[in-house]
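Below, each chain spelled out in residue letters.
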Amino acid sequence: MPLVDPRPIVERAHARGRAVVGANVSTIQMVRGVIQAAESAGRPVLIQFNRSGLSLIGGVDVAMLVVKTIAEESDAHVALHLDHADTLDEISAAINAGFGSVMIDGSTLPFERHLTLAQSARGLTTWSRLPLEAELGHVAGNEAGVTIGDASWTNPDEAARFVEASDVDWLAVAVGNTHGGPAVGGLQIDRLQAIRAAVDVPLVLHGASGLTDEDLFRAVELGVAKINVGTALHQAAANGMRDYIQQRPGDLRGALQRSEANVAEAATALLTAPWAL
Ligand code: 13P
Ligand code: ZN
């Protein structure tokens, strides 16, 4: 079916105390694997590209064409999201290409500069009313294509000010979560609770690879309505290719097929998790 609007999906997740999976991808095989999983699980999914994924697939227009074409051949509800853009040019390019939602990531900037950047991104998305995500506090770790600094946890009072002044639709939080690894010291449930009390927009949890379903379930109970997973899906793709190549060196076609199957399996586990919409 045609690509869908992610706003009602995230709102439905929020209203039902569930979360939609934001699946970060970099290759056509990953897109195919995730969409197959969404179709067979009967669950919606946001396919997400960051700068690194976009450079691998060939830019926003190629990403759009690939995701749209594969989604149209399936029955899955698929939306396309730009992840971790830190410039307005990237936001404009994704809007022009037809993405369904965008993230502006000024999370390494001082508060006021970050707010100005988010307000400018809001300005760009106003006409189309495309959902805008921003991250307050900073999720550190290791993610290709993402500007990473030292972790700083989301301050609930600042979150309230930021959401009010920027009018963002979804707020990504830093509550112990880490890109590319488990939450060091565990998820900060008290902080998440305080953020929930301070803002009423759907929250986004980045860095979900390596978190347990139990952690994710608790986060979702506290207002997280989108869960971003990248590393686990990339590992599934890479491991599939490695295992296949070890057995049949030089058979690239087979290796690519194996990577697709592995991504479909990993995505199915996420999409059918107890917290998933
Ligand atoms: P992980 O790579 O840790 O799963 O994080 C993904 C992410 O936050 C994408 O924005
Ligand atoms: Zn992220």
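About the thresholds
- Residues numbered from 1 in each chain as written.
- Chains lettered and ligands numbered in written order.
- Predicted model: local features only at pLDDT ≥ 70, side-chain atom pairs only at ≥ 80, totals over all residues.
- Heavy atoms only, no water.
- Salt bridge = Lys/Arg side-chain N within 4 Å of Asp/Glu carboxyl O.
- Helix = DSSP H or I, 4+ residues; strand = E, 2+ residues; numbered from the N terminus.
- Buried < 20%, exposed > 50% of the residue type's maximum accessible area, 1.4 Å probe, protein only.
- Pairing = 2+ DSSP bridges.
- Near = heavy atom within 4 Å.
- Polar contact = N/O pair within 3.5 Å; in protein donor to acceptor, adjacent residues only side chain to side chain.
- Areas by Shrake-Rupley, 256 points an atom, 1.4 Å probe, with all protein chains shown as cover.
- Nonpolar A, V, L, I, M, F, W, Y, C, P; charged D, E, K, R; others polar.
- Donors = N, O, S within 2.8 Å, 3.2 Å for Na, K, Ca; no water.
- Axes fitted to C-alpha atoms, helices over the stretch in contact; angles between N-to-C directions.
- Left-handed = near helix turned anticlockwise from the far one by under 90°.
- Contact = heavy atoms within 4.5 Å.

Here's the deal with the pattern of salt bridges
Part 1: Evaluated as defined, the whole model comprises twelve salt bridges.
Part 2: Two residues, Asp169 and Arg7, come together in a salt bridge whose shortest N-O distance is 2.9 Å. You can see Asp169 sitting in the loop between helix 7 (156–166) and strand 6 (170–173) and its partner Arg7 sitting in helix 1 (residues 6–16), a full 162 residues away along the chain.
Part 3: The exposure class of Asp169 is buried, given its relative accessible area of 11%.
Part 4: A salt bridge links Asp251 to Arg248; its shortest N-O distance comes to 4.0 Å.
Part 5: The class for Asp251 is partly exposed, based on a relative accessible area of 22%.
Part 6: Arg248 gets classed as partly exposed once you look at its relative accessible area, which sits at 48%.
Part 7: Salt bridges sharing common partners tie together Arg7, Arg122, Arg129, Asp167 and Asp169.

Some remarks on the pairing of strand 8 (residues 224–229)
Strand residues, when the strand is regular, have side chains that alternate between the two faces of the sheet.
Part 1: Burial analysis of strand 8 places six of its six residues in the buried class, the great majority of the element.
Part 2: By the bridge criterion, four bridges tie strand 1 (residues 20–24) to strand 8 in an arrangement that is parallel. Considered in strand 8, the bridge of Ala23 is made with Val229.

Remarks on the site of ligand 1
Part 1: Around ligand 1, the surrounding shell holds 15 residues, and the nearest of these are Asp83, Gly180, Ser209, Gly230 and Thr231.
Part 2: A distance of 2.5 Å is found between an oxygen atom of ligand 1 and a side-chain nitrogen or oxygen belonging to Asp83.
Part 3: At a separation of 2.9 Å, an oxygen atom of ligand 1 approaches a polar backbone atom of Gly207.
Part 4: Protein chains shield 100% of the accessible area of ligand 1, which is 310 Å² for the free molecule.
Part 5: Put simply, the parts of the chain that give the shell around ligand 1 at least two residues each are strand 3 (78–85) and strand 8.
Part 6: Split by residue class, the shell around ligand 1 holds two nonpolar, eleven polar and two charged.

What to know about the coordination of the zinc ion (ligand 2)
Ideal values for angles at a metal depend on the geometry: 109.5 degrees with four tetrahedral donors, 90 or 180 degrees with six octahedral donors.
Part 1: His84 (NE2), His179 (NE2) and His206 (ND1) make up the full set of protein donors to the zinc ion (ligand 2), lying at 2.1 Å.
Part 2: Taking relative accessible area as the criterion, His84 reaches 3% and is therefore assigned buried.

Digging into the sheet that holds strand 6
Across a sheet, paired strands are connected by hydrogen bonds in the backbone, their directions being either parallel or antiparallel.
Part 1: Taken in spatial order, the eight strands line up as 1-2-3-4-5-6-7-8 and close into a barrel, and their pairing is parallel. Shown here is a sheet whose adjacent strand axes are inclined to one another by a mean of 25°, direction ignored.
Part 2: Sheet topology note: the strand 1/strand 2 (residues 45–49) ladder contains four bridges and is parallel. By the bridge assignment for strand 2, Val21 is matched with Val45.

Describing the packing of helix 10 (residues 231–247) against helix 11 (residues 252–271)
Part 1: Where helix 10 contacts helix 11, the axes come no closer than 7 Å and their chain directions differ by 145°. Here the hand of the crossing between helix 10 and helix 11 comes out right-handed. Counting all contacts with helix 10, which are made through Leu233, Ala236, Ala237, Asn239, Gly240, Met241, Asp243, Tyr244 and Ile245, the residues of helix 11 involved are Leu252, Gly254, Ala255, Leu256, Arg258, Ser259, Asn262, Val263, Ala266, Ala267 and Leu270.
Part 2: For the contact of helix 10 with helix 11, the class distribution of residues is 13 nonpolar, five polar and two charged.

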